[in-house]
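In case you want the letters, here they are:
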Amino acid sequence: ENFNITIHAGEAFGKESIWQAIQWCGAHRIGHATRLIEDIGFQKEGKKKAVRMGYLAQYVLDKRIPLEICLTSNVDTGAVKSVEEHPFGLYHRYKFRVTLNTDDRLMSNTTLTREFKIAHQVFGLTFEDIEKLSINAMKSAFLPYNRRIKLIYDVIKPGFAAVRQGQKKTARS
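Residues numbered from 1 in each chain as written. Predicted model: local features only at pLDDT ≥ 70, side-chain atom pairs only at ≥ 80, totals over all residues. Heavy atoms only, no water.

> Looking at this structure, I do not really get helix α7 (residues 127-139). What am I missing?
Within an α-helix, residues lying three or four positions from one another point in the same direction, as the helix has 3.6 residues per turn. The terminal C-alpha atoms of α7 lie 18 Å apart, and with 13 residues this matches the ideal 18 Å at 1.5 Å per residue to within 8%. What α7 keeps buried is the set D129, I130, E131, L133, S134, I135, N136 and M138. (Helix = DSSP H or I, 4+ residues; strand = E, 2+ residues; numbered from the N terminus. Expected span 1.5 Å × (residues − 1). Buried < 20%, exposed > 50% of the residue type's maximum accessible area, 1.4 Å probe, protein only.)

> What is the right way to look at the nonpolar core in this model?
Soluble, globular proteins show a tendency: their nonpolar side chains are buried together. Among the nonpolar cores identified, the biggest contains 38 residues, and I30, L36, L67, F88, Y91, F96 and L100 are the most heavily contacted of them. Listing elements by their share of this core, those giving two or more residues are α1 (15-23), α2 (55-62), β5 (67-69), α4 (88-93), β6 (98-100), α6 (112-123), α7 and α8 (145-172). Setting aside its immediate chain neighbours within four residues, F88 contacts I69, L71, V98, L100, A119, F123, L125 and L133. (Core = buried A, V, L, I, M, F, W, Y, C linked by side-chain atoms within 4.5 Å. Contact = heavy atoms within 4.5 Å.)

> Could you clarify how one ought to interpret α1 in this entry?
Regarding α1, the residues found buried are S17, I18, A21 and I22. Take α1 and look down its axis: the buried residues cluster within an arc of 135°, on one side only. Looking at the packing, one finds that the buried side of α1 touches β1 (6-9), β2 (29-32) and α2. (Arc of directions from axis to C-beta.)

> Mind showing me how you'd approach the sheet that holds β5 here?
Across the sheet, which stays open at both edges, the 4 strands sit in the order β1-β2-β5-β6 with parallel pairing between neighbours. Strand pairing shows two members of the sheet lacking a second neighbour, β1 and β6, which therefore form its edges. Taken over all neighbouring pairs, the strand axes of this sheet differ in orientation by 30° on average, direction set aside. Judged from the 3 bridges that link them, β5 and β6 form a sheet pairing that is parallel. Of the residues in β6, the one forming a bridge with L67 is V98. Lying on the sheet, α1 is in contact with β1 and β2; it crosses β1 at an angle near 165°. (Pairing = 2+ DSSP bridges. Axes fitted to C-alpha atoms, helices over the stretch in contact; angles between N-to-C directions.)

> I would appreciate a short explanation of the environment of P158 in the present structure.
Looking at where P158 falls in the secondary structure, it is placed in helix α8. Using a relative accessible area of 36% as the deciding quantity, one classes P158 as partly exposed. For the pair P158 and Q23, spaced 135 residues apart in sequence, the C-alpha to C-alpha distance is 37 Å. Once residues within four sequence positions are removed from consideration, P158 is found in contact with I152 and Y153.

Interpretation in functional terms is not warranted from these geometric data alone.
Following this line, the structure appears as structure tokens:
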């Protein structure tokens, strides 16, 4: 029927659940994906650490499969020990298509604003990073392409530009 599919995978069970969600169930987006980190390794090359993507991580990166990251929820469920240990920072740094989400606002007592604030505090997200995550979310929305593009260019980008302009005026004052 060509319907859109998000599957929560890679939170409690390992990276295999992400592969199953994509390959067996046809997921277009993955909720959580904290265990995708199991398919990413590092090796020392001189003074630098080089990242090594496994087949699954490379596939998710190449196909731009959105990862719906839920920082507070993942700590609450024990998927990660702390926000500081969450793989979000790594996923973001290596250009996976990540979005920030709440999962269950009532159970985790959170809001999207709080999730962005936590990501800013812990991972050093800039205003530009927050804009990119917002655009990632719209690119990944289950809406027709033309509607997503219209919202990106008519709402999201102008909204962030207006805030930037307001910041410039305040800085000059």
